[in-house]
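A closer look at the structure
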Amino acid sequence: MRSTGGKLAPGSFASFSELVGAGLARISNAKPFIFDCHTMNIAQNIERGRRFFPEKPALIFADQSLSYQELDRQTNRAANSLRQLGINRGDRVALFLPNIPEFAISYLAVQKIGAVAVSINVMLKPGEIKFILKDCQAKAIITTAELSPQVPDSEVPELQHLLIIPGTTQTSTNLGELMALAADEAQAISMESHEPAAILYTSGTTGFPKGATLSHGNIISNMYSVNRCTKMNPEDRLLLFLPLFHCFGQNFVLNSGLNACATIVLQQRFEISAVLETIERDRITMFFGVPTVFKHLLELHPEEWTCSSLRYYFSAAAPMPPEVPQQWLSRYGAIIHEGYGLTETSPFASYNHEFKYQFGSIGMPIDNVEMKIVDLDGSETPIGKIGEIIVRGPNVMLGYWNRPQETAQVIKNGWFYTGDLGRMDKDGYFYIVDRLKDMINVSGFKVYPSEVERIIAKHPAVAEVAVYGVADQLKGEIVKANIKLKSGVVMSQKEIINFCIQNIATYKIPRDINFVESIPKNATGKVLKRSLREQ
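My aim in this report is to walk through the structure given alongside it, one point at a time. (Residues numbered from 1 in each chain as written. Predicted model: local features only at pLDDT ≥ 70, side-chain atom pairs only at ≥ 80, totals over all residues. Heavy atoms only, no water.)

**A look at the overall build of the protein**
Going by this rule: Runs of E in the DSSP output that reach at least two residues are strands. Runs of H or I that reach at least four are helices, and both are numbered from the N terminus. Using C-alpha atoms as the atom set, the radius of gyration is obtained and then compared with a globule rule of 2.2 Å times the number of residues to the power 0.38. The classification of residues rests on relative accessible area computed with a 1.4 Å probe and restricted to protein chains. Under 20% of the type maximum is buried, over 50% is exposed, and intermediate values are partly exposed.
When you go through the protein residue by residue, the secondary structure sums to 15 helices and 27 strands. In terms of overall size, the protein behaves like a compact globule, its C-alpha atoms giving a radius of gyration of 23 Å where 535 residues would be expected to give roughly 24 Å. For the protein, the spread of C-alpha atoms along the principal axes amounts to about 70 × 60 × 50 Å. Across the 535 residues that make up the protein, the buried fraction comes to 59%.

**Some words on the sheet that holds strand 13 (residues 312-315)**
Heads up, the condition is: In this analysis, strands are considered paired if DSSP registers two or more bridges between them. Contacts are assigned to residue pairs that have any heavy atoms within 4.5 Å of one another. A fitted line through C-alpha atoms serves as each axis, taken over the contacting stretch for helices, and the angle formed by two N-to-C directions is quoted from 0 to 180°.
Spatially, 9 strands are ordered 2-1-11-10-12-13-14-15-16 in an open sheet, and the strand pairing comes out mixed. What marks the edges here is a single partner per strand, and that holds for strand 2 (64-67) and strand 16 (364-365). Pairing of strand 10 (residues 237-240) with strand 12 (residues 286-289), which is carried by 2 bridges, proceeds in the parallel orientation. Looking across to strand 12, one finds that L239 is bridged to F287. Running over the sheet, helix 3 (residues 68-84) touches strand 1 (57-61) and strand 2 and is turned about 85 degrees from strand 2. Where helix 7 (residues 216-230) meets the sheet, its contacts fall on strand 12, strand 13 and strand 15 (348-351), and the angle it forms with strand 15 comes to roughly 20 degrees.

**What to know about the packing of aromatic side chains**
Rules: Under the pairing criterion, centres of Phe, Tyr and Trp rings, with the six-membered ring standing for Trp, must be within 6.5 Å; the plane angle then separates stacked pairs below 30 degrees from edge-to-face pairs above 60, leaving the rest tilted. Whether a charge sits over a ring comes down to the Lys NZ or Arg CZ being within 6 Å of the ring centre and within 35 degrees of the ring normal.
A full pass over the atoms with the stated rule returns 24 aromatic pairs. Relative to F208, the ring of F131 lies with its centre 5.4 Å away and its plane at 25 degrees, an arrangement referred to as stacked. Of this pair, F131 sits in helix 5 (residues 126-136) while F208 is found in the loop between strand 8 (196-202) and strand 9 (210-215), placing the two residues 77 residues apart along the sequence. An aromatic cluster is present here, built from F241, F270, F287, F294, W305, Y313, W328 and Y332 joined pairwise through their rings. Just above the ring of Y417 sits the side chain of K412; from NZ or CZ to the centre is 4.6 Å. Lying over the aromatic face of Y431, R423 brings its terminal NZ or CZ to 4.2 Å of the ring centre.

**Describing the nonpolar core**
In summary, soluble globular proteins display a tendency toward joint burial of nonpolar side chains. This is how the line gets drawn: Definition used in this section: a nonpolar core is a set of buried Ala, Val, Leu, Ile, Met, Phe, Trp, Tyr and Cys residues joined via side-chain atoms within 4.5 Å.
In terms of nonpolar packing, the biggest core is built from 110 residues, with F287, F288 and W305 touching the most fellow members. When residues of this core are assigned to their parent elements, the largest contribution, 7 residues, is made by helix 4 (residues 101-112). In this structure, F287 is in contact with L239, F241, V275, I279, V293, F294, L297, W305, L310, Y312, Y313 and F314, ignoring residues within four places of it in sequence. Residues A138, I164, W401 and F445 belong to the second largest nonpolar core, which totals 46 residues.

**A few points about the packing of helix 10 (residues 291-298) against helix 11 (residues 323-332)**
Two quantities define a packed helix pair, namely the angle between the axes and the distance from one axis to the other. This is how it is decided: Here the word oblique covers every angle except those under 35 degrees (roughly parallel), over 145 (roughly antiparallel) and from 65 to 115 (roughly perpendicular). Two helices crossing with the near one rotated counterclockwise from the far one by less than a right angle form a left-handed crossing, whereas a clockwise rotation gives a right-handed crossing. Any residue outside Ala, Val, Leu, Ile, Met, Phe, Trp, Tyr, Cys, Pro, Asp, Glu, Lys and Arg is labelled polar, Gly included; the first ten of those are nonpolar and the last four are charged.
Two numbers describe how helix 10 lies on helix 11: the axes approach to 10 Å, and their chain directions differ by 40 degrees. As summarised for this structure, helix 10 and helix 11 are arranged oblique, according to the angle between their axes. As for how helix 10 packs across helix 11, the hand of that crossing is left-handed. Taking contact as the criterion, the partners of F294, K295, L297 and L298 in helix 10 are, on helix 11, V324, Q327, W328, R331 and Y332. Grouping the constituent residues of the contact of helix 10 with helix 11 by class yields 6 nonpolar, 1 polar and 2 charged.

**A few points about the side chain of S361**
To keep things clear, this is the line we draw: Distance and chemistry together define a polar contact, namely a pair of N or O atoms within 3.5 Å, with one atom able to donate a hydrogen and the other to accept it when in protein, and with adjacent residues in sequence counting only for side-chain atoms on both sides.
Take S361: it is sitting in the loop between strand 15 and strand 16. At 2.8 Å, the side chain of S361 forms a polar contact with the backbone nitrogen of G363. A polar contact of 2.7 Å, which involves the side chain of S361, links it to the backbone oxygen of F430.

**Digging into helix 11**
The cut-off we apply is this: Working note: the arc is built from the helix axis to C-beta atom directions.
Where helix 11 is concerned, the buried positions are V324, P325 and W328. Along the long axis of helix 11, the arc covered by the buried residues comes to 90 degrees, so they all point the same way. Where helix 11 is buried, its residues touch helix 10, strand 13 and strand 14 (336-341). One or two positions beyond helix 11, positive phi appears at G333, with a value near 70 degrees.

**Considering the pattern of salt bridges**
Worth spelling out the cut-off: One side-chain nitrogen of Lys or Arg within 4 Å of one carboxyl oxygen of Asp or Glu is enough to make a salt bridge.
Within the structure shown, the criterion is met by 27 salt bridges. Note that R283 and E280 form a salt bridge whose closest N and O atoms lie 3.9 Å from each other. Using a relative accessible area of 38% as the deciding quantity, one classes R283 as partly exposed. Among the salt bridges present, the one from E453 reaches K529, with a minimum N-O distance of 3.1 Å. With E453 in helix 13 (residues 449-456) and K529 in helix 15 (residues 529-534), this residue pair connects regions lying 76 residues apart in the sequence. With relative accessibility at 16%, the residue E453 sits in the buried group. Via salt bridges that share partners, E47, R50, D72, K112 and E185 belong to a single interconnected network.

Structure (structure tokens):
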């Protein structure tokens, strides 16, 4: 990345307005702003909060409240503990944690020492976890006592430390005990903007996950774009039930919220009764969800949604049916703001602005980011014509971890090819039309058919399998499978589902299974997924 001149001194802290003035969140209608190569660190967001708002709540979880000062103190202790274990700059540390304060503490501690945080979906099974740990060569994994049996640590020789927080086990190291003996102070080390900060695994078209590697510059540029677009400020109180292992919850809400010195109210999952109670009790001002969440909330009686403190709603991670924001506006007089992006874009890429909100649109590119629609040959399409959405800017990932060939397939001349089909109108607003790839989107979670097919094909009774997505009113899409059994074999749906339960995350399991005589293919033997979906 090229330097553009003016920079902040390492370790210095500036107000949001000063940072805007320095160019971290400036608007550009021409070429994308190339993020300055000055040193930085994501964890400076919590250090800034400690300096300006030491007693202000940073995280609230159940009956626990951590001030900015206490959150930074615990983060420092965790950082010093990791250093004592020999974890250094560039080492990968896996986080296999649910939505608890320990996730934020561990994540920020990893950032402070310049290591790389590798988020692992808590719904994954041992085989899936083993693949990720070996692929990124994680030196340590941080998890809970409850989740630790899922970690196949004995099968991953590169893994040196199994760290438990909270809880204890007989075969692991208790991170909480190490933190109790560690020093309170630890300043975030200076990192170059292009250095890796986080790896988030996405399912691959080959059936194996690949690690989208995000730099400090990627994530920090996104944090400031979120702050500016949403007008997030220190007075805001953000409800966060989105999974922290997902880029939406991790970067868009947690990192951006801490960067704005806001208060984050953390919940382990989305439960309507708990959400309603929390919004009222904690006077939530900003609400973030996937389309499924808003569909659930529209099922409530209007009198049940008495949330006078809320000023802002936002939806992303999956396409929003236009009727949902229309009903929301009609019922509550409020806009559900929408954004678009992928893990590979940190994730924020476009935003449907409040000053010219377009129903059904994913909006326009955020500051310093470019988007366009291209044909298969890479040439830009005319206004209104459908093509692939591509993105360029400081939000685009470094690449897929240890996968230069797959990286080269999606990043060309600085442009990230999303695999999503869309169009752009005459005003520059973008619209998602379909997906170029066969990816299935289940409530915001990506499922690649080839990954599920690879697992089901291992069953000794299965001759052929084709997995695809079908529309679902609640989840957006569900996973469906057509299976051709081996000659003379009889099997039930339940047996296949039980086999899947043992090998893949719950959201990837087919909800509908057809046993068929044949699977449609073209002349080259490729399965005709479109025909399956149409049927």
